[in-house]
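For reference, the chains in residue letters:
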Amino acid sequence: MSSVAIGIIGFCIMLVMMFLGFPIFVSMIGAAVIGFWMLTGPSMAIQQLTMGPFTMACNYSMVAMPMFLVLGVIAGEVGIGEGICDCLSKWMGRRKGGLLSATVVANCIFGACSGVPGAGNAIFVKCFTPELEKRGYERGNSLAIITASGILSALIPPSLAIINFCILADLSMSYTLMCGLTGGIITTIILILMIKLMGIINPKTMPANDVGEKVPFVEKLKSLKLLLPVLLLFAAIIGGTSLGWFTATTGGAVGCLVVIVYAIFKRVPMKKLLNYIWDAVKMTGKMYPMIVAGSFFGRFIALSRLPQLFTEWIVQMDISRFWLFTMVVILYIICGCLMDVMSIIIITIPVVFPMLTALGFSGPCLAVVLVLMTGIAGATPPVGNGVFMLASVADCEPYLIFKRVWPYVVGLTIAAYVIAFCPTIVEFLARMVS
């Protein structure tokens, strides 16, 4: 039996185990062990199974994951998000649709101290939704925008999803994170334009006379101090990395230290602080088996030459890069209807990433695009973890958000195309910093 056929069989075994109810990481490891056994014999399969977890544990880049998780959890609990809301409401609240745009920018800024997709959604629902409803904005549309903009936290550094992607795909972490920053800015601009467009297409989503209270300019200037914690974190992590003082991995520890000092300055009780750290530890414990299993399964897929077969098949079919990328976009949206975001990243990277890079797509830009696509998938039914989480916080039916989120999903998809096909723009900042 050919190696490619074994690769396809292994992939099918993994899918069958998933649908039978096995955990994702068990399905991937089980399929990979069977595949290694068929490809190289029992000794290699046992060696890979026993050595794989230790190899990943010894990977220096893995240190970044728990550090950035601690940073994101504490940043979400010490009032940084509320400060961002207050500041942006004063600066952007008087323009028509300005409060909706402020939610997008708030998620973008909060991503600089979170790194976890949708981490700011619970905060921004509580901060923005009462004022939006008071002014007459449609509830479903407002919640849909908060859901869509929550994906920005997966792009803006320090992005945990991009860090995990770099570990699995062996990419430069600092360079790819800088590409994520540019991609996040592009996505923010497109979402704001979509808000304006929806206001024209469906005027009922926002009030005709959206004018908030006038805020004196001096008060606006004073509100900028509320952004200082975010700027301090961003400067500590990205600034230090860009200047070559430390690596992106070490930057996670530096950012973690900064946010802990800030929490102590805000007089957060030590017991609460330790609980936040313990929450991050538990999240790391859940993610580590997934990453190990994804790496293990990726080795099996690479050894089977399945990605090379797909690449050669696509080249022979003479499909343009545009249509091939469109097929990947559709694949990710379908996956989003069936699986959670982390599972999509781990399962698809071994096949999709080598195929697209072989056809000339930039590796760092692809990392940003595929992370963005997994975020989009998280806003699609019936799984839609991001939608269900927001609906539980906002105490509403998920259908209300699903019904209104589609225009912004289209905007996010447009951003994915821009990032994929305009690598010069996306990598400009990363190259300049390098």
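Look up: the structure comes first, before these words.
Predicted, not measured: the structure shown is a model, and the values here were computed from it.

J.: Explain the environment of Asp86 to me, using residue names and the numbers behind them.
T.: Checked against the element boundaries, Asp86 lands in helix H5 (residues 80-92). Taking relative accessible area as the criterion, Asp86 reaches 34% and is therefore assigned partly exposed. The spacing of Asp86 and Phe128 is 42 residues in sequence and 9.2 Å in space, taken between C-alpha atoms.

J.: Kindly report on the packing of aromatic side chains, identifying the contributing residues and their values.
T.: Note on aromatic pairs: each is described by the distance of the centres and the angle between the planes. Summed over all chains, the structure comprises nine aromatic pairs. Aromatic side chains Phe165 and Phe353 sit 5.5 Å apart centroid to centroid with 70° between the ring planes, which places their arrangement in the edge-to-face category. Here Phe165, found in helix H9 (residues 160-169), pairs with Phe353, found in helix H17 (residues 341-358); they are 188 residues apart in sequence, far enough to count as distant. Here Phe165 matches Phe353 in class, with each residue buried. Here Phe325 and Tyr417 contribute two aromatic rings whose centre-to-centre distance is 5.0 Å and whose plane-to-plane angle is 80°, an arrangement assigned as edge-to-face. Here Phe325, found in helix H16 (residues 321-336), pairs with Tyr417, found in helix H20 (residues 398-421); they are 92 residues apart in sequence, far enough to count as distant. Through pairs of rings, three or more aromatic residues link up here, namely Phe322, Trp323, Phe325, Phe361, Tyr417 and Phe421. Sitting over the ring of Phe361, Arg321 keeps its end group 4.1 Å from the ring centre.

J.: Residue-level account of helix H10 (residues 173-201), with values.
T.: Given 3.6 residues to a turn, an α-helix orients residues that are three or four positions apart in the same direction. Over its 29 residues, H10 extends 41 Å from the first C-alpha to the last, a length consistent with the 42 Å expected when each residue adds 1.5 Å. You can read the cap of H10 off the contacts: a side-chain oxygen lies 3.5 Å from the backbone nitrogen of Tyr175, and it is on Ser172.

J.: Explain the pattern of salt bridges residue by residue, including any values.
T.: All chains considered together, the criterion is met by two salt bridges. Here Arg404 makes a salt bridge to Glu138, at a shortest N to O gap of 2.8 Å. A residue pair is termed long-range when its members are at least 10 positions apart, and Arg404 in helix H20 and Glu138 in the loop between helix H7 (121-135) and helix H8 (139-149) qualify at 266 residues. Glu427 is the salt-bridge partner of Arg431, the closest N and O atoms lying 3.4 Å from each other.

J.: So what about the packing of H8 against H20? Which residues, and what values?
T.: For the pair H8 and H20, interaxial distance at closest approach is 8 Å and the crossing angle is 45°. Taken together, the axis directions place H8 and H20 in an arrangement best described as oblique. As for how H8 packs across H20, the hand of that crossing is right-handed. Residue-level inspection shows Arg139, Gly140, Asn141, Leu143, Ala144, Ile145, Thr147 and Ala148 of H8 in contact with H20, the latter providing Leu400, Ile401, Arg404, Val405, Tyr408 and Leu412. Looking at side-chain class alone, the contact of H8 with H20 contains nine nonpolar, three polar and two charged residues.

The rules behind the values
- Residues numbered from 1 in each chain as written.
- Predicted model: local features only at pLDDT ≥ 70, side-chain atom pairs only at ≥ 80, totals over all residues.
- Heavy atoms only, no water.
- Helix = DSSP H or I, 4+ residues; strand = E, 2+ residues; numbered from the N terminus.
- Buried < 20%, exposed > 50% of the residue type's maximum accessible area, 1.4 Å probe, protein only.
- Phe/Tyr/Trp six-rings, centres within 6.5 Å; stacked < 30°, edge-to-face > 60°.
- Lys NZ or Arg CZ within 6 Å of the ring centre and 35° of its normal.
- Expected span 1.5 Å × (residues − 1).
- Polar contact = N/O pair within 3.5 Å; in protein donor to acceptor, adjacent residues only side chain to side chain.
- Salt bridge = Lys/Arg side-chain N within 4 Å of Asp/Glu carboxyl O.
- Axes fitted to C-alpha atoms, helices over the stretch in contact; angles between N-to-C directions.
- Parallel < 35°, antiparallel > 145°, perpendicular 65-115°, else oblique.
- Left-handed = near helix turned anticlockwise from the far one by under 90°.
- Contact = heavy atoms within 4.5 Å.
- Nonpolar A, V, L, I, M, F, W, Y, C, P; charged D, E, K, R; others polar.

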